[in-house]
Amino acid sequence: MKIVVVFPTTTEAQFFSHPHVVTEICGVGLSSAAYRTHKIIMQHKPDWIIMAGIAGVYEHSALGVDEVVLVKSECECDLGFFTPNGFMHLADMKLDMDFSVTKEWNCPYIPVKPPLSIAKSNSMNAAMAPFVHVAGIDIENMEGAAFFQVCLAEDQKFLQVRSISNVVKVGEEDWDMDGSTRALAKGLNKVVDFLLAG
């Protein structure tokens, strides 16, 4: 079985190693993640591809810093317009244009008995954006929605693993980078061993 793990940065990858896994770096942000994910799929043709990185947790979530989760859904949450009534996601707007927008991308490969807790996520290029919809969402990151879209379009089996490094709060600088990246490596090894055993 060929498994590729894609990290946005080398910092997030620093503590992870597994003898049966290829690691790649995709860069930070939605555009870079989309481009590199597609290139990595074409190059490696993996059985599984895993996006792995850190994430912020919303204050209303039951999850906490240094927890590691599998992401079951992603929303490109800052795609839309500011209106007199506030920000509206493009999928909720009625525009006289012929296009379609998916508001929520779901991972169909989450195991029935997952090896990690499950989370719902927002993705955006502007971290901690105060205008996005967060009700029912646990975490935020900067690459996941692009990764989901590319994998689904390419019919590629995929999972996303995120370790929580911080609380999503403007001005909050108490990030546990060391602890969250170490926890990420541990959680990733658990997921990889789970896939190999299956």
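Details of the structure are given in the entry above.
Just so it is clear, the structure is predicted and the values come from calculations on it, not from any experiment.

> Before we move on, could you go through the packing of aromatic side chains and cite the residues and values that matter?
Evaluated as defined, the whole model comprises eight aromatic pairs. The interplanar angle of 70° and the centroid separation of 4.8 Å between the aromatic rings of Phe-82 and Phe-131 together place this pair among those described as edge-to-face. Pair noted here: Phe-82 is in strand S5 (residues 80-83) and Phe-131 is in the loop between strand S8 (117-123) and strand S9 (139-141), with a separation of 49 residues, a long-range link. Assessed through its relative accessible area of 30%, Phe-131 is described here as partly exposed. Considering the side-chain rings of Phe-147 and Phe-158, the 5.8 Å spacing of their centres and the 85° angle between planes classify their relative orientation as edge-to-face. Note that Phe-147 is positioned in helix H3 (residues 144-153) and Phe-158 in strand S10 (residues 158-167), a separation of eleven residues in sequence. Comparing Phe-147 with Phe-158 shows no difference in burial state: the two are buried. Among the aromatic residues, ring-to-ring pairing joins Trp-48, Tyr-109, Phe-147, Phe-148 and Phe-158 into one connected group. Sitting over the face of the ring of Phe-15, Arg-182 holds its NZ or CZ atom 4.0 Å from the ring centroid.

> Hey, could you go over helix H4 (residues 177-197) for me, with residue numbers and the actual values?
Residues separated by three or four positions in an α-helix point in the same direction, a consequence of the helix having 3.6 residues per turn. In a regular helix each residue adds 1.5 Å, so 21 residues correspond to 30 Å; H4 covers 30 Å between its end C-alpha atoms and thus fits that length. Along H4, the residues that are buried comprise Ser-180, Thr-181, Ala-183, Leu-184, Ala-185, Gly-187, Leu-188, Val-191, Val-192 and Leu-195. For H4, the elements touching its buried residues are strand S1 (3-7), helix H1 (10-13), strand S2 (21-25), strand S3 (48-57), strand S4 (68-76) and S10. Regarding H4, its N-cap is Asp-176, as a side-chain oxygen of that residue lies 2.8 Å from the backbone nitrogen of Gly-179 further along.

Definitions and limits used
- Residues numbered from 1 in each chain as written.
- Predicted model: local features only at pLDDT ≥ 70, side-chain atom pairs only at ≥ 80, totals over all residues.
- Heavy atoms only, no water.
- Phe/Tyr/Trp six-rings, centres within 6.5 Å; stacked < 30°, edge-to-face > 60°.
- Helix = DSSP H or I, 4+ residues; strand = E, 2+ residues; numbered from the N terminus.
- Buried < 20%, exposed > 50% of the residue type's maximum accessible area, 1.4 Å probe, protein only.
- Lys NZ or Arg CZ within 6 Å of the ring centre and 35° of its normal.
- Expected span 1.5 Å × (residues − 1).
- Contact = heavy atoms within 4.5 Å.
- Polar contact = N/O pair within 3.5 Å; in protein donor to acceptor, adjacent residues only side chain to side chain.

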